[in-house]
Amino acid sequence: MRIISAEKIRTFLKCIKLECFFSKKNIDVLDIVEILFYFFCWFPYITLGVFNFGTDMQVYVAGIAVLYLLLYLFAEKKYLKESNRLKKLIFVAKVPILLLCLSVVFIIVALLKNESIFHVLRASYNYVSIFVVSIATYLCIQRHNGLFEKTIKLFCWIWLIVGLVQLLIDRSFLGIIVSGFRTTDNRGVCSLASEPSFYGVVCFFFIIIAQKFKTRKWLYIALSLFQIVFLAQSSVTIVYLGVFFICVLINYIVNSIKNKKFLPLIIVLGVLIICLPILYFVIITFMTGRFPHLIKLAVTNPLALLKDESIIARVNAIIFAVESFFKNFGIPHGFVYEGMPGIRIMSGYGTLLYEMGVFGVILIVSVFRYLFRTFNMAYAITITIVMFSAVQLGLPIFAFLIGFSMYEANAISHNKKITEKSRWYVKRYSYRSEKVKILNDCEP
């Protein structure tokens, strides 16, 4: 597989912080596919012009993930057989595999009932994306024993720079390469997303994944927060941050009380009491548009938010999905959308519950478990709430997070088993050593 000699390419990529892919003398074909996979995973709205699929989110990453899986199985076939890693992979990814198999059945049923082919394919793509992208991410991270941190940091800078150019110079900058590029003067910029709210969601996932960075973690969290508040100006993403902040704060308070660390807790709460009013004043005074208006309503008249059409549409979508789930006793509806308002459900996990029924609950619980073991309870709860909102189920960054969490949770479990085994050996042989020492001392 190592067929491309690339000293010049490697030098160039080293200059733009992609040298983590290329620690060998020759570039592996898998390495090149990994670059494309990472790129289209973190830039899901970029289109190649003539290959536009008529949706905001493009499907390039799924095709590249399939190619990567085929190349990986071909290149590592002998290694997979010897180490039983194929069986382990099937065990780890059993839930995405189950959903993929069910989606094939639902496609056939929906087509027999004369459902729109476009809507059926779009619905099935969600499960194809979760399957291939999560497994490709898992294998990619496993192959390199960790996350490509420098590459993700570079992507964060690209999103930031494009957003700044759009804010300060030209709001349509690079909009030609983004599918469905749209915004208005009273909203934020889109950067390389289709609309400001999608830009905010991408930045939110940057914040989540940055928690696992080894260096300059807080810098990239701050950059992502800056993009959400001042560039995307997405009120929906601000709500996500609010939920995230509340969950983290509750988790911190509980741990502080449990560990009897009262002084740091008092300091943190005091800083928040001082900083939050200042932040509110800055947003209301120096920012214009829909975002500061909603912030002001949330503080002065929260009930008025219930009259906002966008918020009402999102809440109704969640209610419809959950209500349909219970009315059908958890039996999957598949890709048949009888009686559904609109052409789709504006909720990621809501769509999952409606289409997959009780099997969707299995995926939600599995993802929650992986996130809890990889991060903590606050992160798992926040991401679950976010995915019940108007975030696409097939968003490749979400599938990437699933794959990363599967790897981290599996590694934690493996290390725990090794630690327990080591302790058992130490305890056993230390006991034998003590016994031998006592017998020697007893000898005349």
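Check the entry above for the structure.
Overview of the structure.

Cut-offs and rules
- Residues numbered from 1 in each chain as written.
- Predicted model: local features only at pLDDT ≥ 70, side-chain atom pairs only at ≥ 80, totals over all residues.
- Heavy atoms only, no water.
- Helix = DSSP H or I, 4+ residues; strand = E, 2+ residues; numbered from the N terminus.
- Buried < 20%, exposed > 50% of the residue type's maximum accessible area, 1.4 Å probe, protein only.
- Contact = heavy atoms within 4.5 Å.
- Polar contact = N/O pair within 3.5 Å; in protein donor to acceptor, adjacent residues only side chain to side chain.
- Salt bridge = Lys/Arg side-chain N within 4 Å of Asp/Glu carboxyl O.
- Axes fitted to C-alpha atoms, helices over the stretch in contact; angles between N-to-C directions.
- Parallel < 35°, antiparallel > 145°, perpendicular 65-115°, else oblique.
- Left-handed = near helix turned anticlockwise from the far one by under 90°.
- Nonpolar A, V, L, I, M, F, W, Y, C, P; charged D, E, K, R; others polar.

Details of the overall build of the protein chain
Item 1. Helix and strand counts for the protein chain stand at 18 helices and 2 strands.
Item 2. Every one of the 444 residues in the protein chain was classed for burial, and the buried ones make up 46%.
Item 3. Within the protein chain, contacts between residues separated by at least 24 positions form 70% of all contacts whose residues are at least 6 apart in sequence.

Here we look at the environment of Arg143
Item 1. As for its position among the elements, Arg143 is in helix α7 (residues 117–143).
Item 2. As a C-alpha pair, Arg143 and Tyr72 span 71 residues in sequence and 9.7 Å in three-dimensional space.
Item 3. There is a polar contact of 2.9 Å between the side chain of Arg143 and the side chain of Glu34.

Structural notes on the side chain of Glu195
Item 1. Mapped onto the elements of the fold, Glu195 is located in the loop between α8 (149–168) and α9 (196–210).
Item 2. Note on Glu195: relative accessible area 12%, which makes it buried.
Item 3. Among the polar contacts made by the side chain of Glu195, one reaches the side chain of Arg182 at a distance of 2.8 Å.

Some remarks on the pattern of salt bridges
Item 1. Scanning the entire structure with this criterion turns up 6 salt bridges.
Item 2. Linking Asp31 and Arg143 is a salt bridge whose minimum nitrogen-to-oxygen distance equals 3.1 Å. Highlighted residues: Asp31 in helix α2 (residues 29–42) and Arg143 in helix α7, separated in sequence by 112 residues. Side by side, Asp31 and Arg143 carry an identical accessibility label, which is buried.
Item 3. Across the salt bridge formed by Glu323 and Lys327, the nearest N and O atoms sit 3.4 Å from each other. Here Glu323 and its partner Lys327 are both found in helix α14 (residues 309–327), 4 residues apart, which amounts to about one turn of the helix.

A closer look at the packing of α9 against helix α17 (residues 377–387)
Item 1. Relative orientation of the contacting elements α9 and α17 amounts to 160°, with a least axis distance of 12 Å. Considering the angle they form, α9 stands roughly antiparallel to α17. The two elements α9 and α17 meet at a crossing, and its hand is left-handed. Each of Phe204, Phe205 and Ile208 in α9 lies in contact with α17, whose residues at this interface are Tyr379, Thr382, Ile383, Val386 and Met387.
Item 2. Counted by class, the contact of α9 with α17 contains 7 nonpolar, 1 polar and no charged residues.

Side note on unusual backbone geometry
Item 1. Residue Arg216 is not a glycine yet carries a positive backbone phi of 50°.
Item 2. Looking at the element boundaries, Arg216 is found in the loop between α9 and α10 (217–232).
Item 3. With relative accessibility at 63%, the residue Arg216 sits in the exposed group.
Item 4. At Phe329, a position not held by glycine, the phi torsion is positive, near 60°.
Item 5. Along the polypeptide, Phe329 turns up in the loop between α14 and α15 (348–356).
Item 6. Accessibility expressed as a relative area gives 73% for Phe329, which makes it exposed.

These values are about where atoms sit, not about what they do.
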